[in-house]
Structure formats: C-alpha cells, structure tokens
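Okay, here's what each chain looks like letter by letter:
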Amino acid sequence: MSSDGNGSMPIFDDEGNNIGVGVASQSSLLEEFRDMVQKEGITITDAIKTITSNVARNLKLYPNKGSINKNSDAD
C-alpha cells in the first residue's frame, strides 16, 4: 500500500486468484488505512508510516518526501 496514485492495484477472481492489475479508486487508500486502525489494531502513527515515510525510505527519497519537517517537501 502506498500513496503512489493508486496504480498497480491487483484484481482477484472469486477464489482469490490474481487475474490482473488495475488502478484503484481514490477511496481505497482511506479504506485500507481505516481497516488497519479499526480492524487490525495498528496505531494511527504506524498506519500513517505505511503510506508516507516507509514508502519514501524505500524509494530513497526520505526525508525530502514522506515527512513534514523543515526543508522537506511536505507533500
């Protein structure tokens, strides 16, 4: 899960087999975030990292991206 414009969203058949790749709706990020906090018991802080700083670190863009700090892009 990342905030990369919702690209690369897997498409599954009724048996759970991956049958393709599509583009997710804008609401899917919010729905997954809400599920992490409400259903999985993940803290809001850790859930936010999943779509912000963790992604930026993996892409070697942190701290310019994925954080709200002095001299960061904060986008």
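Above this note sits the structure.
Residues numbered from 1 in each chain as written. Predicted model: local features only at pLDDT ≥ 70, side-chain atom pairs only at ≥ 80, totals over all residues. Heavy atoms only, no water.

> Tell me about the overall build of the protein, residues and numbers included.
Within the protein, the regular secondary structure consists of three helices and two strands. Taken from N to C terminus, the helices and strands of the protein fall in the order β-β-α-α-α. Counting across all 75 residues of the protein, residues that qualify as buried make up 20%. Accessible surface, the protein: about 5,800 Å² in total, of which carbon and sulfur atoms supply 51%. (Helix = DSSP H or I, 4+ residues; strand = E, 2+ residues; numbered from the N terminus. Buried < 20%, exposed > 50% of the residue type's maximum accessible area, 1.4 Å probe, protein only. Areas by Shrake-Rupley, 256 points an atom, 1.4 Å probe, with all protein chains shown as cover.)

> Can you break down unusual backbone geometry residue by residue, with the values?
Along the chain, Tyr62 connects to Pro63 via a cis peptide bond; the corresponding omega equals 10°. Its place among the elements puts Pro63 in the segment after helix H3 (53–58). A positive phi angle is found at Lys60, which is not glycine, with a value near 60°. Assignment of secondary structure puts Lys60 in the segment after H3.

> Lay out the nonpolar core with the relevant residues and their values.
Leu29, Phe33, Met36, Ala47 and Ile51 together form the largest nonpolar core, which totals five residues. Ranked by residue count, the leading element in this core is helix H1 (residues 27–38), at three residues. With residues up to four places along the chain from it excluded, the contact list for Ala47 reads Phe33, Met36, Val37 and Ile42. (Core = buried A, V, L, I, M, F, W, Y, C linked by side-chain atoms within 4.5 Å. Contact = heavy atoms within 4.5 Å.)

> I'd love a proper account of the pairing of strand S1 (residues 9–12), names of residues and values included.
As paired strands, S1 and strand S2 (residues 18–22) are joined by four bridges and run antiparallel to one another. The partner of Phe12 across the bridge, within S2, is Asn18. Connecting S1 to the antiparallel partner S2 that follows it, the hairpin turn spans five residues, and Gly16 within it adopts a positive phi of roughly 90°. (Pairing = 2+ DSSP bridges.)

> Lay out the pattern of salt bridges in plain terms, naming residues and giving numbers.
For the structure shown, the criterion picks out three salt bridges. Residues Asp73 and Lys65 are paired through a salt bridge, measuring 3.0 Å at the closest nitrogen-oxygen approach. (Salt bridge = Lys/Arg side-chain N within 4 Å of Asp/Glu carboxyl O.)

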